[in-house]
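Each chain, letter by letter, is given below.
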Amino acid sequence: ILALGLLGLMIIGTAIWLSFTDWRHSGLRSSAESESRQAIEDLAGPVKSLKRIMNDEQVQILALRALKDEHKLADLRAYLGGRLTELADVQVFGSDLSAVRPAELGPNGYALFELLSSTLENNQGLMQIHNVLQPPRLFDAAVINQEGEAKGVIVLALEPVYLLKGFNPEIGSVGIIR
């Protein structure tokens, strides 16, 4: 009877210990999930902000003017430079890309041409980092619209730190980046 009592206590003790460790691990998992969501939000913030800036009405107007007169590109560059301190360059291209020669665009010409093509095709640009350039540059593009019609593409080149400035990784207690 004494052996059965000890066995019962061992089973109850094991059940309590397993329940406690399961509860503790679920708390760690929840913490890891919230830290990963926060990291994603830290990266998504600058991306959304850049998209909002490129689709801003004033930027679109200045980009249309720059398409018509290349001397107006300086106005667009100055306006964007006031809103984006990491801005390295601004380019505008018409919607007809047949005259664009990727080899003449520099060492990242083909990647830039693909960015232009996909932006016009999908009506939105995909952010890219071109490591072939020294220093590497972060590129993003947006369609230049006039009355709902695509007139061209605006391409911004930024310092890569733009994307990471709000994202300061630390190694968390559960071994993830936060």
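Up top is the structure these notes are about.
Our subject in this report is the structure included herewith.

Parameters at a glance
One numbering rule holds for all chains: residues counted from 1, following each sequence as written. Only residues with pLDDT of at least 70 are given local features in this predicted model, and only at 80 or more are side-chain atom pairs given and counted; all residues enter the totals for whole chains, interfaces and linings. Water and hydrogen atoms were dropped before computing side-chain values, which therefore reflect all heavy atoms in the structure. Secondary structure elements follow DSSP: runs of H or I no shorter than four residues count as helices, runs of E no shorter than two count as strands, and numbering proceeds from the N terminus. Three exposure classes are used, based on accessible area relative to the maximum for each residue type with a 1.4 Å probe and protein chains only: buried under 20%, partly exposed in between, and exposed over 50%. Accessible areas in this description were obtained via Shrake-Rupley with a 1.4 Å probe; residue shielding takes into account the shown protein chains only. Nonpolar cores are built from buried Ala, Val, Leu, Ile, Met, Phe, Trp, Tyr and Cys residues. Side-chain atoms within 4.5 Å join them into one set. The contact rule is simple, with two residues in contact once any of their heavy atoms fall within 4.5 Å. Salt bridges are defined by distance alone: a side-chain nitrogen of Lys or Arg within 4 Å of a carboxyl oxygen of Asp or Glu. The span you would expect from a helix comes to 1.5 Å times its residue count less one. Side-chain atoms alone can form a polar contact between residues adjacent in sequence; in general such a contact is a pair of N or O atoms within 3.5 Å, and within protein one must be able to donate a hydrogen while the other accepts it. A fitted line through C-alpha atoms represents every axis, and for helices the fit uses only the stretch in contact; the resulting angles, taken between N-to-C directions, go from 0 to 180 degrees. When an angle is under 35 degrees it counts as roughly parallel; over 145 it counts as roughly antiparallel; between 65 and 115 it counts as roughly perpendicular; any other value is oblique. The hand of a helix crossing depends on one turn: near helix anticlockwise from the far one by less than a right angle means left-handed, and clockwise means right-handed. We call Asp, Glu, Lys and Arg charged. Ala, Val, Leu, Ile, Met, Phe, Trp, Tyr, Cys and Pro are nonpolar, and the rest, Gly among them, are polar. Pairing between strands is defined by DSSP: at least two bridges between the two strands are required.

## Focus: the overall build of the protein chain
- Across its full length, the protein chain holds five helices and four strands.
- Reading the secondary structure of the protein chain in the N-to-C direction produces α-α-α-β-α-β-β-β-α.
- Counting over 178 residues, the protein chain shows a buried share of 31%.
- Surface exposure of the protein chain reaches about 11,200 Å², of which carbon and sulfur atoms provide 58%.

## Looking at the nonpolar core
- Counting 23 residues, the largest nonpolar core has Leu76, Leu80, Leu84, Val90, Val92, Ile154 and Leu156 as its most contacted members.
- Those elements that place two or more of their residues in this core are α1 (2-54), α2 (57-68), α3 (73-83), β1 (87-94), β3 (137-146), β4 (149-158) and α5 (161-164).
- With five residues, α2 is the largest single contributor of residues to this core.
- Among all residues touching leucine 156, those that are not within four sequence positions of it are Leu50, Met54, Leu80, Leu84, Leu87, Asp89, Val90, Leu138, Phe139 and Asp140.
- Counting 12 residues, the second-largest nonpolar core is a separate cluster that includes Leu115, Val153, Val155 and Ala157.

## Considerations on the pattern of salt bridges
- Applying the stated criterion to the full structure yields five salt bridges.
- In this structure, aspartate 89 engages arginine 77 in a salt bridge whose closest nitrogen and oxygen atoms are separated by 3.1 Å. Of the two residues, aspartate 89 is situated in strand β1 and arginine 77 in helix α3; the sequence distance between them amounts to 12 residues.

## Examining α2
- Taking 1.5 Å of rise per residue, 12 residues should cover 16 Å, and α2 covers 17 Å from first to last C-alpha, within 8% of that figure.
- For α2, the N-terminal capping position is held by aspartate 56, with its side-chain oxygen 3.1 Å away from the main-chain nitrogen of glutamine 58.

## A closer look at the packing of α2 against α3
- One way to put it is that α2 packs onto α3 with a least axis distance of 8 Å and a crossing angle of 155 degrees. In terms of orientation, α2 lies roughly antiparallel with respect to α3. The element α2 and its partner α3 pack so that their crossing is left-handed. Where α2 approaches α3, its residues Gln58, Val59, Leu62, Ala63 and Ala66 are matched on the opposing element by Leu73, Asp75, Leu76, Tyr79, Leu80 and Arg83.
- Looking at the contact of α2 with α3 residue by residue, the class counts come to eight nonpolar, one polar and two charged.

## Comments concerning the sheet that holds β3
- Spatial strand order, β1-β4-β3-β2: four strands in an open sheet with antiparallel pairing. Strands at the two margins of the open sheet, each flanked by one partner only, are β1 and β2 (128-130). Going from strand to strand, the sheet's axes swing by 30 degrees on average, the running direction of each strand aside.
- Examined bridge by bridge, β3 and β4 share nine bridges and lie antiparallel to one another.

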